[in-house]
Amino acid sequence: MNVPKIDTQIPGPRSRRLLEEAKKVLVTTTRLEYMAIAKMENDLIWDVDGNVFIDFAASIAVANVGHRNPKVIDAVKKQLERYIHTGPHDWLDEVQIEYAKKLIKVVPGNFTKKVFFGNSGTESVEAALKVARWNTKRPLILAFYGAFHGRTYGSLALTASKPQHRRYLLPYGGMAIHAPYSYCYRCPFKLDPSTCGIWCADFIKEWIFEKVAPPEDIAAIILEPIQGEGGYIVPHPEFIRKIHRLAKEYEILLIVDEVQTGFARSGKMFAIEHYGVEQDIMSTAKAIAGGFPLGATIIRSDLDFRYEGAHSSTFGGNAISLVAANAVLDYILENKLWERADKLGNEAIKFLTELKDETEILGDVRGKGLFIGLEFVRDKDTKEFGVRERDRIARLCYENGLVVLPCGKSSIRIAPPLTITDENFRKGLEILADSIRKVDKERK
Ligand SMILES: Cc1ncc(COP(=O)(O)O)c(C=O)c1O
């Protein structure tokens, strides 16, 4: 099939009608107004108007093994013939044990581990917070500016990527303290990364621990090994290593949020492996079960709750999601998908870095594996955020058959299924590049 194939305006007439109806019956959330989806397969998306798009978003880094991966479908069909829901935290079944053992093997950390199953990213973060506070009996959690950890009240207190996530909603006076993240393209301290000595990490000890939050009160530091929603921001590797050392020095637990970076996307099974440090607690979700709702929090075994009832869930770890997750992990391992992410990611970064030099509006290209961020600016010297430019580029991509997803203030993320074909990946990059060139010319 010749893809992409766009035969209507975007959104097409049927999509437009559904988008209007959605406004009447669905609560306002984060919906993109380009199309309504009818079918998905591996790296392609059909809308209800018959248009076919190449997917560079993977339903927000979920479809790492492709949409409707046949192995996942087979596993789910088989499980549907056995049972769907046992109430897994109350009535044990085998699939929980089988998958937990498999997951533990691939999660980094030279220590014994246990798993808690929930339903989503935010729930896997909530479980991480509970484990950290329950064990340390300390009240505070240190997170970073630009972080996204979820939208329920515990995780929302730590999320700090956009004001609209928090406005009117925050439990002020809660457990969260925030520190600057290592965002070298826009250093919060306006320093040069080649000479700064990673001051953003040292700042925590000198200004946060000594002025606002005694480290003895901090249960955990939570960080994304590459920030996602905040703008696909790759930190300086030494930043992560310094944070790890700081956590060790003060016996603060290190929670690594791999909800978006996990499961081979960054060129490693988990992105924390890029830095050579070990977390105490890891939160995962998104790509874990090929589109079925599941979150897993993996903890050091000695951090387990020592009585029943401190935490549980009705649906977390339901059998359908777990057999899907089992098939996803097998598929990633059998096909070494982290290698594919690394290879395609390197090609894309080379291509896009050349495009950066050619245009005025593409300010930064960064990423690891197929977790790539493009940040747009109005002017490379002032780095004024190119919000309108970014939005226009996204629209052009859709009009030409490429699904992309914004992040940060003026960035676009590239996060296709890791199983995307070489041909569709290159076509997608060309559509993206043409859209960027067009918007670059328009403003000259
Ligand atoms: C790093 C990170 N943590 C947590 C979450 C929350 O996940 P969910 O939307 O499944 O609750 C997200 C979602 O984008 C995320 O990117």
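Structural data are supplied above this passage.
Nothing here was measured: the structure is a model prediction, and the numbers come from that model. (Residues numbered from 1 in each chain as written. Predicted model: local features only at pLDDT ≥ 70, side-chain atom pairs only at ≥ 80, totals over all residues. Heavy atoms only, no water.)

Asks: In this structure, what is going on with the overall build of the chain? I would like to understand it.
Replies: Each helix and strand in the chain was counted, giving 13 helices and 15 strands. Taking 2.2 N^0.38 as the reference for a compact globule, 444 residues should give roughly 22 Å; the C-alpha atoms of the chain span a radius of gyration of 22 Å, in line with that estimate. Considering only C-alpha atoms, the chain reaches an extent of 60 × 60 × 45 Å along its principal axes. In the chain, which comprises 444 residues, the proportion classed as buried is 56%. Expressed as a percentage of contacts within the chain between residues at least 6 apart in sequence, the contacts between residues at least 24 apart total 72%. Taken together, the 62 basic and 59 acidic charged side chains of the chain have centroids lying 2 Å from each other. (Helix = DSSP H or I, 4+ residues; strand = E, 2+ residues; numbered from the N terminus. Rg over C-alpha atoms; globule rule 2.2 N^0.38 Å. Buried < 20%, exposed > 50% of the residue type's maximum accessible area, 1.4 Å probe, protein only. Contact = heavy atoms within 4.5 Å. Lys, Arg positive; Asp, Glu negative; His and termini not counted. Charge placed at Lys NZ, Arg CZ, Asp CG, Glu CD.)

Asks: Explain the pattern of salt bridges here, please?
Replies: A pair can form between side chains of opposite charge whenever their charged atoms are brought close. Taken as a whole and judged by the stated rule, the model has 30 salt bridges. Taking the shortest distance from any N to any O, the salt bridge between Lys 5 and Asp 7 comes out at 2.7 Å. On the accessibility criterion, Lys 5 (31% relative accessible area) is partly exposed. Here Lys 162 makes a salt bridge to Glu 229, at a shortest N to O gap of 2.7 Å. (Salt bridge = Lys/Arg side-chain N within 4 Å of Asp/Glu carboxyl O.)

Asks: Explain empty space enclosed by the protein to me, please; I cannot follow it from the model alone.
Replies: In this approach a probe as big as a water molecule rolls over the atoms, and the regions it shows empty are the leftover space. On inspection of all chains with the given rule, the structure shows 1 cavity of 30 Å³ or more. Its volume calculated, the largest cavity comes out at about 110 Å³. Taken together, 15 residues make up the lining of the largest cavity; nearest its centre are Ser 182, Cys 184, Cys 187, Cys 196 and Cys 200. Residues belonging to the lining of the largest cavity are distributed by class as follows: 12 nonpolar, 2 polar and 1 charged. (1 Å grid on protein atoms, 1.4 Å probe; cavity = no way out; pocket = protein on both sides within 12 Å on 5 of 7 lines; lining within 4 Å. Points joined across faces, edges and corners; volume = space filled by probe spheres on them. Nonpolar A, V, L, I, M, F, W, Y, C, P; charged D, E, K, R; others polar.)

Asks: Can you help me understand the site of the ligand in this one?
Replies: Taken together, Ser 120, Gly 121, Thr 122, Phe 148, His 149, Gly 150, Glu 224, Asp 257, Val 259, Gln 260 and Lys 286 make up the full set of residues near the ligand. Lys 286 places a side-chain nitrogen or oxygen 3.0 Å from an oxygen atom of the ligand. For the ligand, the protein covers 81% of the area, taking 390 Å² as the surface of the free molecule. (Near = heavy atom within 4 Å. Polar contact = N/O pair within 3.5 Å; in protein donor to acceptor, adjacent residues only side chain to side chain. Areas by Shrake-Rupley, 256 points an atom, 1.4 Å probe, with all protein chains shown as cover.)

Asks: Would you take a moment to explain the sheet that holds strand 15 (residues 411–414) for this structure?
Replies: Backbone hydrogen bonds hold the strands of a sheet together, and the pairing may be parallel or antiparallel. The antiparallel open sheet is built from 4 strands, whose spatial order is 11-12-15-14. Every other strand in the sheet has two partners, leaving strand 11 (362–368) and strand 14 (405–407) as the edge strands with one partner each. Put simply, the sheet's adjacent strands are angled 30° from each other on average, direction ignored. Pairing between strand 12 (residues 371–376) and strand 15: 4 bridges, direction antiparallel. Looking at strand 15, one finds that Gly 373 is bridged to Arg 413. (Pairing = 2+ DSSP bridges. Axes fitted to C-alpha atoms, helices over the stretch in contact; angles between N-to-C directions.)

Asks: Even after reading the chapter, I still don't get the packing of helix 3 (residues 70–80) against helix 10 (residues 319–335), so can you show me in this structure?
Replies: The angle between the axes and the distance between the axes are what describe a pair of packed helices. It is the contact of helix 3 with helix 10, at a shortest axis distance of 8 Å, that shows an interaxial angle of 150°. Relative to helix 10, helix 3 is oriented roughly antiparallel. As helix 3 runs across helix 10, the sense of the crossing is right-handed. Residues Lys 71, Val 72, Ala 75, Val 76, Gln 79 and Leu 80 of helix 3 lie in contact with helix 10, whose contacting residues are Ala 319, Ile 320, Val 323, Ala 324, Ala 327, Val 328 and Tyr 331. (Parallel < 35°, antiparallel > 145°, perpendicular 65-115°, else oblique. Left-handed = near helix turned anticlockwise from the far one by under 90°.)

The analysis is restricted to geometry; functional conclusions fall outside its scope.
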